[in-house]
Amino acid sequence: LGDWFRSYFLPVVMESERQNSPETITMYRTAVGYWEQCGPAQKPLEALTKADLATFDQALAVHRWSRGPAGEQRALSDSSVFKQIQIVLRICLAAFEEGILRKKISYRRRRPRVDRKGSYTLAECRAIWSILDQARLPSECPERLPFWRCLIAALFYTGMRAGAALSLRQSMFSLRKGQRWLVVPGSVNRK
């Protein structure tokens with residue numbers, strides 16, 4: 001699976017046909033890396049079965065990772081395990097469609113339930129804002145306070161994710177009928 005991913009699926013399907021983003025490609029590479037650490041990775045792609053996906057699932061359940069060499073060893077979250085399995089299944093589906101796998105692998109793992117994070121209250125937002133008045137910022141970086149105020153205001157008024165808010169550009173602001181508008185293209189706010 002790993003060899004076919006690198007020699008065909010990545011360059012042909014992901015990069016040429018779909019033109020996937022670097023972030024998506026990194027997610028697929030990570031999933032294939034996890035796959036290559038488990039037993040079924042030694043089997044030829046055409047011989048994979050549903051049982052091999054179950055073995056992969058079990059291997060992910062006991063896998064540990066850390067952020068850096070000195071980081072704490074952690075288990076993958078249920079959402080991350082689900083995502084890795086879905087990615088390997090997508091690669092297997094492409095192999096089936098290309099005639100490499102004789103039978104489509106159907107492995108259904110229940111999607112984990114994720115509790116939605118609560119929003120900040122107005123009082124919490126005001127507290128964050130007021131702390132900026134007390135922040136000790138280096139004198140050589142006077143632009144930091146306006147940056148943080150703009151970022152917090154953008155997050156508060158738009159409800160955008162931080163990454164999307166950091167992608168905003170001055171050209172996205174316009175004047176319509178005497179009012180200032182922020183027009184955010186879909187490429188900036190994908191989620």
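These numbers come from a predicted model, not from an experiment.

Engineer: Could you clarify how one ought to interpret the side chain of Ser21 in this entry?
Structural biologist: Its place among the elements puts Ser21 in the loop between helix H1 (2-17) and helix H2 (22-35). One polar contact links Ser21 to Thr24, side chain to side chain, over a distance of 3.1 Å.

Engineer: Help me understand helix H4 (residues 78-97), please; the structure alone is not making it clear to me.
Structural biologist: Note on helix geometry: an α-helix contains 3.6 residues per turn, so any two residues three or four positions apart are oriented the same way. Spanning 20 residues, H4 covers 29 Å between terminal C-alpha atoms, matching the ideal 28 Å at 1.5 Å per step. When we look at burial in H4, the residues that qualify are Ser80, Val81, Phe82, Gln84, Ile85, Ile87, Val88, Leu89, Ile91, Cys92, Ala94 and Ala95. At its buried positions, H4 is contacted by H1, H2 and helix H3 (50-62). Following H4 by one or two positions, Gly99 has its phi on the positive side, about 85°.

Engineer: What should I look at first to understand the state of the cysteines in this one?
Structural biologist: One covalent bond between the sulfur atoms of two cysteine residues makes up a disulfide. Following the criterion strictly, the structure yields zero disulfides and no others. Cysteine Cys38 is unpaired, with the sulfur of Cys92 as its nearest cysteine sulfur at 11 Å. Overall, the relative accessible area of 5% leaves Cys38 in the buried class. Free cysteine: Cys150, not disulfide-bonded; nearest cysteine sulfur from Cys125 at 16 Å. Here Cys150 falls in the exposed class, since its relative accessible area comes to 55%.

About the thresholds
- Residues numbered from 1 in each chain as written.
- Predicted model: local features only at pLDDT ≥ 70, side-chain atom pairs only at ≥ 80, totals over all residues.
- Heavy atoms only, no water.
- Helix = DSSP H or I, 4+ residues; strand = E, 2+ residues; numbered from the N terminus.
- Polar contact = N/O pair within 3.5 Å; in protein donor to acceptor, adjacent residues only side chain to side chain.
- Expected span 1.5 Å × (residues − 1).
- Buried < 20%, exposed > 50% of the residue type's maximum accessible area, 1.4 Å probe, protein only.
- Contact = heavy atoms within 4.5 Å.
- Disulfide = S-S within 2.5 Å.

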